Amino acid sequence: AQKVTQAQTEISVVEKEDVTLDCVYETRDTTYYLFWYKQPPSGELVFLIRRNSFDEQNEISGRYSWNFQKSTSSFNFTITASQVVDSAVYFCALRAAGNKLTFGGGTRVLVKP
Amino acid sequence: DGGITQSPKYLFRKEGQNVTLSCEQNLNHDAMYWYRQDPGQGLRLIYYSQIVNDFQKGDIAEGYSVSREKKESFPLTVTSAQKNPTAFYLCASSPRQAFSSGNTIYFGEGSWLTVV
């Protein structure tokens, strides 16, 4: 069985603050993929990043960065210098054997001007 | 434009009625999925299809049915057997499910279903 836990249900910050979203996963498989998606108020899920279990390099894309630590089964996501447009729900997801994508409960980020 | 189109965006259903949500993709993806999202919750998999004329139950298939007669279409029927159907429904697709490649799943804009 696989499981994804996003312990933070909601985070509120003031614009330009950094915000880190936690994601902890469980799987018995040695090969798996981790994803982050953004869900703006419009509802659709926007793909942000995919990381496979053999690649522990951290990644930075603009104001977004991801920290993958296999030893702690975590795949955390940081938004640097947050903006109002970053307000959304963010989902972490895991894809292991069986090909199903398992989602965490999501973290709502509210960035106030 | 390439993408996944879901319709209708908003749908109201009377108790005891079946309703069908449409999902069409022009991305030439082999695999398609239906997820349900309840307010403040994550997404749960209802059904998925890896190829035409084949589909598998997800984690919460009871009360739902699907068909996959064409590659680009994967309609979801919410039957009267689904006791709590009010939710946000998301359709998704991905290239052929080669697990080793970790193909990304892309989502449509979703459909809101409300039972009245």
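Quick look at the structure, then. (Residues numbered from 1 in each chain as written. Chains lettered and ligands numbered in written order. Predicted model: local features only at pLDDT ≥ 70, side-chain atom pairs only at ≥ 80, totals over all residues. Heavy atoms only, no water.)

## With respect to the overall build of chain B
Here is step 1: The helix and strand tally for chain B stands at zero helices and 11 strands.
Here is step 2: If you list the helices and strands of chain B from N to C, you get β-β-β-β-β-β-β-β-β-β-β.
Here is step 3: Here the C-alpha atoms of chain B give a radius of gyration of 14 Å, agreeing with the 13 Å that 2.2 N^0.38 yields for 116 residues.
Here is step 4: Burial statistics for chain B: of 116 residues in total, 49% are counted as buried.
Here is step 5: Taking the intrachain contacts of chain B between residues at least 6 apart in sequence as the baseline, contacts between residues at least 24 apart amount to 54%.
Here is step 6: By element, 47% of the accessible surface of chain B is carried by carbon and sulfur atoms, the whole surface being about 5600 Å². (Helix = DSSP H or I, 4+ residues; strand = E, 2+ residues; numbered from the N terminus. Rg over C-alpha atoms; globule rule 2.2 N^0.38 Å. Buried < 20%, exposed > 50% of the residue type's maximum accessible area, 1.4 Å probe, protein only. Contact = heavy atoms within 4.5 Å. Areas by Shrake-Rupley, 256 points an atom, 1.4 Å probe, with all protein chains shown as cover.)

## With respect to the interface of chain B and chain A
Here is step 1: Across the contact, 26 residues belong to chain B and 23 residues belong to chain A.
Here is step 2: Summed over both sides, the interface of chain B with chain A buries roughly 1900 Å², with 52% coming from carbon and sulfur.
Here is step 3: Scanning the region where chain B abuts chain A turns up zero salt bridges.
Here is step 4: Linking chain B to chain A there are six residue pairs in polar contact (both at pLDDT 80 or more).
Here is step 5: Those elements that provide at least two residues to the side of chain B that touches chain A are strand S4 (31-37), strand S5 (43-51), strand S9 (87-94) and strand S10 (106-107) of chain B.
Here is step 6: Taken together, the residues of the side of chain B that touches chain A sort by class into 11 nonpolar, 12 polar and three charged. (Buried area = accessible area lost by both parts, 1.4 Å probe. Salt bridge = Lys/Arg side-chain N within 4 Å of Asp/Glu carboxyl O. Polar contact = N/O pair within 3.5 Å; in protein donor to acceptor, adjacent residues only side chain to side chain. Nonpolar A, V, L, I, M, F, W, Y, C, P; charged D, E, K, R; others polar.)

## As for the state of the cysteines
Residue and element names in this part refer to chain A.
Here is step 1: In total, this model carries two disulfides over all chains according to the counting rule given.
Here is step 2: Between the sulfur of Cys23 and that of Cys92 lies a disulfide, 2.0 Å long from S to S. Note on the Cys23 and Cys92 pair: the S-S dihedral is about -65°, so by sign convention the disulfide is left-handed. In this pair, Cys23 sits in the loop between strand S3 (19-21) and strand S4 (24-26) while Cys92 sits in strand S10 (residues 88-95), placing the two residues 69 residues apart along the sequence. Summarising the burial analysis for this pair, Cys23 and Cys92 share the class buried. (Disulfide = S-S within 2.5 Å.)

## Observations concerning the nonpolar core
Residues and elements named next belong to chain A.
Here is step 1: Counting 24 residues, the largest nonpolar core has Leu21, Trp36, Phe77 and Tyr90 as the members making the most contacts within it.
Here is step 2: Where this core is concerned, the elements lending two or more residues are strand S2 (10-14), S3, strand S5 (33-39), strand S8 (64-69), strand S9 (74-79), S10 and strand S12 (107-112).
Here is step 3: Broken down by element, this core gets its largest block of residues, four residues, from S10.
Here is step 4: Aside from chain neighbours lying at most four places away, what touches Phe77 is Val19, Thr20, Leu21, Trp36, Leu48, Tyr64, Ser65, Trp66 and Tyr90. (Core = buried A, V, L, I, M, F, W, Y, C linked by side-chain atoms within 4.5 Å.)

## A short note on the environment of Cys23 of chain A
All names here are of chain A.
Here is step 1: The exposure class assigned to Cys23 is buried, which follows from its relative accessible area of 0%.
Here is step 2: As a C-alpha pair, Cys23 and Thr107 span 84 residues in sequence and 9.6 Å in three-dimensional space.
Here is step 3: Here Cys23 is in contact with Val4, Thr5, Trp36, Ser73, Ser74, Phe75, Asn76 and Cys92, once residues within four sequence places are set aside.

## A closer look at unusual backbone geometry
Here is step 1: Across the junction of Ser7 of chain B and Pro8 of chain B, the peptide omega takes the value -10°, indicating a cis bond.
Here is step 2: Among the secondary structure elements, Pro8 of chain B is positioned in the loop between strand S1 (4-7) and strand S2 (10-13).
Here is step 3: The phi torsion at Ser73 of chain A lies on the positive side, around 50°, for a residue other than glycine.
Here is step 4: Note that Ser73 of chain A resides in the loop between S8 and S9.
Here is step 5: Owing to a relative accessible area of 24%, Ser73 of chain A belongs among the partly exposed residues under this scheme.
Here is step 6: Within the chain, Asn28 of chain B stands out as a residue other than glycine whose phi angle is a positive 60°.

## Focus on the pairing of S5 of chain A
Residues and elements named next belong to chain A.
Here is step 1: Taken across its seven residues, S5 has seven buried, putting it largely inside the fold.
Here is step 2: Of the two faces of S5, the one carrying Tyr33, Phe35, Tyr37 and Gln39 and the one carrying Leu34, Trp36 and Lys38 are both buried.
Here is step 3: Taken together, the six bridges between S5 and strand S6 (residues 46-52) define a ladder with antiparallel strand orientation. Each residue of the ladder has a partner; that of Tyr33, found in S6, is Asn52.
Here is step 4: Connecting S5 to the antiparallel partner S6 that follows it, the hairpin turn spans six residues, and Gly43 within it adopts a positive phi of roughly 110°.
Here is step 5: Both S5 and S10 contribute to a ladder of seven bridges, which runs antiparallel. Bridging from a neighbouring strand, Gln39 pairs with Val89 of S10. (Pairing = 2+ DSSP bridges.)

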